[in-house]
Amino acid sequence: MNKNFIISGSGGQGVISIGGILANIFMLNDFFVSFCSCYGAEMRGGAVNCEINMSDEELFCIENEQVDYVVALNQTSFDKFISRVRENGTIIVNSSLAKINKARDDIKYIFAPLTEMAGKLGNIKMTNSVALGVLASLLGNFNTDNVKKAYENVLKNKNELIKKNIDAYLLGYNYIQEG
Amino acid sequence: MSKELIKGNIAIAKAALKAGLKAYFGYPITPQTDIGEYLSYEMPARNLAYVCAESEIGAINMALGAATSGEKVMVSSSSCAVSLMQEALSYACSDELPFVLVNVMRAGPGQGYIYPSQGDYNQAVTGGGNGDYKIVVLSPSTLPEACDLVQRAFYISQKYRTPTMLLVDGLLGQMAEPVEITESKYPETDNSRWVLDGAKQRPAREIHSLEPSQYKLNQHIVSLFKKYKEIEENETDWEEYMTDDAEFLITSFGSMARYTKSVVKELRQNGVKIGLFRPKTLFPFPSKRLGELSLRMKHIIDIEMNMGQMLKDVRLSVLNNSVISFIGKPVGDWLKKEEMIGAINNIIKESYASI
């Protein structure tokens, strides 16, 4: 098995954080994984994206032109990365910040109001974790302990923050599971 | 010890600490600043020497001074700033002072930009300082290997009393993958016979490169080259991937070589007998082995993220009239698998046409 992902958004949306958490989840599930991040000129508000590759074999190519999954947290990244989705691949779009538009008919779309969902939990900053939950639900069933451990690896000792983000992750996860 | 997902720069810094790093000197420059940043917290907390110098020239000359203690010393920098260090590298070779220089390459020439590149192969291997000298250059392809090679760099530099460079692609410095930082597996060396630690109850020692006696200077340089020969015999290292029955051979180094493995794998699935030869030591270059392999190759394809720098060493190693082609580009995104396969298929087609 070999899957690759692009997570994209603007600086401050936590793109790199959930990319790191996803990569940690794969690592804790004993996959080979690579994680590359790319920042725009400015941190907050600039374009940010990262690419994650996972495989059950040693990884050779760690950057790919076409990927299986793209997560786009805003309009700019939706416009920019839709062309990078592999045929039959999936794009997850934050419909709170991007218009619903199915410009390609050879890929799958998931439009979810991620920012609104995070807002209902009390903090729109957790949009990223809702997105990660949505993505994770498409990938199968990850051991919850590993998800928690992955959050701890990235967010270190911020226990309160970890708990809130895992709630947001589960909200995203169940959004897909419950249809 | 379990695996952790960390950036290449941090992994290198952690592995250096595990190897017994005692003193670090540096000056910030992208894409290697994380190394100094991480060590600026970790080293003072452990009572180790950390200096953010006033310039790269200051940093490397501080390293020269610290290296006279025989302790493990490291400097990290990048491309255009490593240019500033060339004079000190020449002095360090003559003075036989051991330290590790980590060079996380960015795009040049001149100031260039922070895009990844492999454009400093020549600078690393042939050097920019004056006089007859060599720098040992180690080239990692993955992060676990970078951790191993930085520890090996300390070992080689101390064992042979010579500055050793870890030449890292910007891509490796910035990417993350799981690594396990372990203790160094390389033995410690006894430096007591040459270090400057105070001349109490023993004759004074001197370390300098100035030598007015023609005879002695000649002797000194010849002895350095005896040492380089010894390094070549003992430390030359490389990796071969699917070369056993290969008729076509890719040569590549660093993280680009890692990408070319996917090319080998895919072309093999299409029945092309192709393999990869990757030097892990750029100096000493594994010429002997590449020469042996070249005897049964129809074609050798050198792939680099520069305009063809290792290409010269490949040409010098090949022992027959093998045709050698080059695929590369100077800076930016690494060549994609599809681009390389397209170019190689064309080369192979022409190669068969000419038989």
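Quick caveat: nothing in here was measured; it's all calculated off a predicted structure.

A. Structural view of the overall build of chain B. Secondary structure summary: chain B contains 13 helices and 14 strands in total. Against the compact-globule benchmark of 20 Å for 355 residues, chain B has a radius of gyration of 21 Å, which places it among compact chains. In terms of overall dimensions, chain B has a C-alpha envelope of 75 × 50 × 40 Å along the principal axes. A buried classification covers 49% of the 355 residues belonging to chain B. The long-range share in chain B, meaning contacts at least 24 apart out of those at least 6 apart in sequence, stands at 78%.

B. Main features of the nonpolar core. Judged by nonpolar contacts, the single largest core of 156 residues is most densely connected at B:Ala63 and B:Val150. Per-element accounting of this core gives the leading share, 10 residues, to helix 1 (residues 15–28) of chain A. Counting contributing residues per domain, this core is built from domain 1 (4–187 + 209–235) and domain 2 (238–353) of chain B, each supplying no fewer than three. In contact with B:Val150, other than residues within four places in its own chain, are B:Ile12, B:Ala15, B:Ala16, B:Ala19, B:Val100, B:Val102 and B:Leu166.

C. Structural detail: the sheet that holds strand 6 (residues 136–138) of chain B. Residue and element names in this part refer to chain B. The strand order across the open sheet built from seven strands is 3-2-4-5-7-6-12, with neighbouring strands paired in mixed fashion. Either end of the sheet is taken by a strand with one partner, and the two such strands are strand 3 (49–52) and strand 12 (281–283). Across the sheet, the mean angle from the axis of one strand to that of its neighbour is 20°, orientation sign disregarded. Of the strand pairs in this sheet, strand 4 (residues 73–77) and strand 5 (residues 100–105) are connected by four bridges, and their pairing is parallel. Along strand 5, the bridge assignment pairs Met 74 with Val 100. Packing against the sheet, helix 2 (residues 33–45) makes contact with strand 2 (23–26), strand 3, strand 4 and strand 5, and its axis sits at approximately 140° to strand 3. Here helix 7 (residues 143–159) sits on the sheet in contact with strand 5, strand 6 and strand 7 (164–169), set at roughly 165° to strand 7.

Reading guide: rules and limits
Residues numbered from 1 in each chain as written. Chains lettered and ligands numbered in written order. Predicted model: local features only at pLDDT ≥ 70, side-chain atom pairs only at ≥ 80, totals over all residues. Helix = DSSP H or I, 4+ residues; strand = E, 2+ residues; numbered from the N terminus. Rg over C-alpha atoms; globule rule 2.2 N^0.38 Å. Buried ≥ 20, exposed ≤ 12 C-beta atoms within 10 Å, placed from the backbone. Contact = placed C-beta atoms within 7 Å. Core = buried A, V, L, I, M, F, W, Y, C linked by C-beta atoms within 7 Å. Domains from an automatic or database assignment. Pairing = 2+ DSSP bridges. Axes fitted to C-alpha atoms, helices over the stretch in contact; angles between N-to-C directions.

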